Amino acid sequence: MRWFPFAIRTREEENDGEKLLLLKIEKVEKSKICDLELDAAKVKQFKDAIDNNYWFEFFMVYLFYQFFVGMLTLYLLFFPFFLYSFIPCAEYTSDDLPLWGFVGHLRHDINSDNNKHFIYTHRIINVKYNGDQIIHINLIQDSPKSLEVGKLEMTYSVSWISTNITFAQRFDIYLDYPFFEHQDLKMNVFEVEYFRTANVISLHWFSIFNLFMMVIFLTGLVTMILMRTLRNDYAKYAHEDDDLETQEKDISEESGWKLVHGDVFRHPRNLVLLSAVVGTGAQLVMLVLLVILLAIIRMLYIGRGAIVTTFIVCYALTSFISGYVGGGLYSRSSGESWIKSMVLTASLFPFMCFGIGFIVNIIAIFYGSLAAIPFGTMVVVFIIWAFISFPLALLGTVVGRNWSGTPNNPCRVKTIPRPIPDKKWYLTPSVISLMGGLLPFGSIFIETYFLFTSFWNYKVYYVYGFMLLVFLLLIIVTICVTIVGTYFLLNAENYRWQWTSFFSAASTAVYVYLYSIYYYYVKTNMSGFFQTSFYFGYTLMFCLGLGILCGAVGYLGCTLFVRRIYSNIKCD
């Protein structure tokens, strides 16, 4: 016997809630689901949905219960243009197959100049199977009825069709959608032509080629700075036998980064916060690399929630890295409140995510949405953080303080800070920070579009190999751009480079968030307070993580650069 429980969700901003129906199905010719009572308000709601091309999404989930196997779950989710659902499955594991359908359609009324609204009242579900495994599911909608006040009978039928397609190939049909073609997301999703995967590959290779050329340009620029500009400066400091007149002439002509050697390793402001965000960013770098590699190996796109679950578990297991990097940085800078630094490093990013998620979850609960995260799930996540992530971060801080916490700056820090001269506006830290994120954002722009389309629309993201290449190139671009910005800042005799290097790289997230605003208004039809808060809340969480990640990469790259150039000059 087969079962299809499915949940029907209406528009969140109108707060009609959800209804869960449990249908006992094997092979069904035609069966009644329910009677849909339509009053004037509901008719207006459905007409609005049809006018705006609302569509719903099915998720058919193959269930593995404790006592029996072979059950099916069908989640029918109404959602305007994008679907996002967090449905906890404590009783089973799932392997989702999605399909889509429109709420209704418009038909020209020959008796008037207006269009008439029709709603589909019959669903034909065709399920393809191979042995005892579900391979594919298809939905056909039929029996359109005029949308008027009254009662409509909602029916369905189910047919089971044998196929030779193997279980491992069940997702191939979804991966052929033109996900990587730049098409208008407002188009009819069921009238889109199929493109071959070769087009997908060629588009991605083209974007990666452009990114690779950018990397060559930036690395060439950094190499020029190191090989030409700095080499001449080193030559001046290498002279030991120059006469007094030559030395005085060189000293009088000194300018730029050489003059701040006594202040460049001065402790930055808010050292506790800097060490926490740098440590967290280093952890996020390893986390993203690990998740991408697991996605390449395990095909995590197959099950809903698999990526999120992998992120949470891997974040907890990589917390040692944040403690080690943050604790070592704080100790090398002679920080004294290391316990405060340790606690902040372990809890900064999780609590930021928790705060944003808590607010969005309260809104989801208020609107009665299935997207609300259950209290039990939040408790489980908190336990993972408290008993795995937090202790590992503390252990990493202790190890980092003892193994890599010895100060070893190549230049001695002077007692009296050097005054920072006024410079032109384009050499100020704020301008350098804002300009630093442009090129890194340009390097991930195309991939950002794909990720947004996957997360907020019906597309399936599966080319994690390209994501790995783009991520590695992003790290290289971020380091190179930040080094160039830091060099300009030091040449302006501004030795406060630590936070500038961090914000210069972290500003990439600002441009991603600005792009998300454009994406929201141009590429989607989202509306209402719930959808808006849901979209911008979780996008903010993503951008915070991206900003901390890029900021840490930029800071650590600049740290190596600064230590390298000042280790080759003679200073007292």
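Residues numbered from 1 in each chain as written. Predicted model: local features only at pLDDT ≥ 70, side-chain atom pairs only at ≥ 80, totals over all residues. Heavy atoms only, no water.

Per an unreviewed UniProt entry, the chain is named Transmembrane 9 superfamily member, and its organism is Tetracentron sinense. Here the chain is described in UniProt, under the heading Sequence similarities (unreviewed entry), as follows: "Belongs to the nonaspanin (TM9SF) (TC 9.A.2) family." (UniProt positions renumbered as here; feature names shortened; annotations may be inferred.)

### Topic: the overall build of the chain
A count of helical and extended segments in the chain gives 13 helices and 10 strands. Split by element, the accessible area of the chain, about 27,900 Å² in all, is 63% carbon and sulfur. (Helix = DSSP H or I, 4+ residues; strand = E, 2+ residues; numbered from the N terminus. Areas by Shrake-Rupley, 256 points an atom, 1.4 Å probe, with all protein chains shown as cover.)

### Here's the deal with a nonpolar patch on the surface
A contiguous nonpolar surface patch, about 990 Å² in accessible area, is contributed by V308, I312, V313, L317, F375, V379, V381, F382, I383, F387 and I388. If you trace the backbone, V381 turns up in helix α8 (residues 375-403). Note on V381: relative accessible area 34%, which makes it partly exposed. (Patch = residues over 30% accessible without salt bridge, like charges linked within 9 Å, V, L, I, M, F, W, Y side chains within 5 Å. Salt bridge = Lys/Arg side-chain N within 4 Å of Asp/Glu carboxyl O. Buried < 20%, exposed > 50% of the residue type's maximum accessible area, 1.4 Å probe, protein only.)

### Overview of the nonpolar core
Judged by nonpolar contacts, the single largest core of 95 residues is most densely connected at F471, L490, W497, Y535, L549, V562 and Y566. Residue assignment for this core shows that the elements contributing at least two residues are α2 (197-238), α4 (271-298), α5 (306-317), α7 (338-366), α10 (438-456), α11 (464-491), α12 (498-523) and α13 (529-566). With 18 residues, α13 is the single largest residue contributor to this core. Each of two domains, domain 2 (210-233 + 255-260 + 428-567) and domain 3 (271-415), supplies a minimum of three residues to this core. Other than its neighbours up to four places away in sequence, L549 contacts G281, L284, V285, V288 and F471. (Core = buried A, V, L, I, M, F, W, Y, C linked by side-chain atoms within 4.5 Å. Domains from an automatic or database assignment. Contact = heavy atoms within 4.5 Å.)

### Considering the packing of α12 against α13
Taken N-terminus to C-terminus, the directions of α12 and α13 make an angle of 155°; their axes are 7 Å apart at the nearest point. By the angle class used here, α12 and α13 are roughly antiparallel. Crossing of α12 over α13 shows right-handed handedness. For the contact of α12 with α13, the class distribution of residues is 20 nonpolar, nine polar and no charged. (Axes fitted to C-alpha atoms, helices over the stretch in contact; angles between N-to-C directions. Parallel < 35°, antiparallel > 145°, perpendicular 65-115°, else oblique. Left-handed = near helix turned anticlockwise from the far one by under 90°. Nonpolar A, V, L, I, M, F, W, Y, C, P; charged D, E, K, R; others polar.)

### Considerations on the confidence of the model for the chain
Residues of the chain with pLDDT of at least 70 account for 74%, and the chain-wide mean is 77. Taken as a whole, residues 1-25 scores under 50 in pLDDT and shows 99 contacts with residues more than four places along the chain or in a different chain. (pLDDT = per-residue confidence, 0-100.)

### Observations concerning the side chain of N361
Locating N361 in the fold gives a position in helix α7. On the basis of relative accessibility, which here comes to 4%, the residue N361 falls in the buried class. In this view, N361 contacts A371, A372, I373 and M378; residues no more than four positions away in its chain are not counted.

### Topic: the pattern of salt bridges
Scanning the model with the defined rule gives three salt bridges in all. In this structure, D35 engages K32 in a salt bridge whose closest nitrogen and oxygen atoms are separated by 2.7 Å. Across the pair R266 and D263 runs a salt bridge whose closest N-O atoms are separated by 2.5 Å.

### Focus: the packing of aromatic side chains
Two aromatic rings are characterised by how far apart their centres lie and by the angle between their planes. Overall, the coordinates contain 37 aromatic pairs when judged by the stated rule. Taking the centre distance of 5.4 Å and the plane angle of 25° together, the rings of W499 and F503 count as stacked. Of this pair, W499 and F503 both sit in helix α12, four residues apart, which is roughly one turn of that helix. Residue class for W499 comes out buried when judged on its relative accessible area of 17%. (Phe/Tyr/Trp six-rings, centres within 6.5 Å; stacked < 30°, edge-to-face > 60°.)

### So, unusual backbone geometry
Although it is not a glycine, N270 adopts a positive phi angle of roughly 50°. Within the fold, N270 resides in the loop between α3 (244-253) and α4. N270 gets classed as exposed once you look at its relative accessible area, which sits at 55%.

### Remarks on the environment of M526
Mapped onto the elements of the fold, M526 is located in the loop between α12 and α13. A relative accessible area of 8% means that M526 is categorised as buried. Considering only alpha carbons, one finds M526 and W456, 70 residues apart in sequence, at a separation of 10.0 Å.

### Quick look at the pairing of strand β10 (residues 150-162)
Bridge analysis of strand β3 (residues 28-38) against β10 gives eight bridges, and the strand direction is antiparallel. The residue bridging S31 from the neighbouring strand is Y156, located in β10. (Pairing = 2+ DSSP bridges.)

### Some details on α4
Taking 1.5 Å of rise per residue, 28 residues should cover 40 Å, and α4 covers 40 Å from first to last C-alpha, within 8% of that figure. Across the 28 residues that make up α4, a large majority, 20, are buried. (Expected span 1.5 Å × (residues − 1).)

### Here we look at the packing of α4 against helix α6 (residues 319-332)
Running from N to C, α4 and α6 cross one another at 145°; their axes reach a closest spacing of 7 Å. For the crossing formed where α4 meets α6, the hand is right-handed. Of the residues in α6, those in contact with L271, V272, L274, S275, V278, G279, T280, A282, Q283 and M286 of α4 are S319, I321, S322, V325, G326, L329 and Y330. Within the contact of α4 with α6, the residues separate by chemical class into 10 nonpolar, seven polar and no charged.

### Side note on the side chain of T155
Relative to the helices and strands, T155 resides in strand β10. There is a polar contact of 2.7 Å between the side chain of T155 and the side chain of H122. What T155 contacts, discounting residues up to four positions off in sequence, is K30, S31, K32, I33, T121, H122 and R123. (Polar contact = N/O pair within 3.5 Å; in protein donor to acceptor, adjacent residues only side chain to side chain.)

### Brief notes about α12
For α12, built from 26 residues, the straight-helix expectation of 38 Å at 1.5 Å per residue is met to within 8% by its first-to-last C-alpha distance of 38 Å. At A505, α12 shows its largest kink, close to 30°. (Bend = angle between axes of the 7 residues up to and from the residue.)

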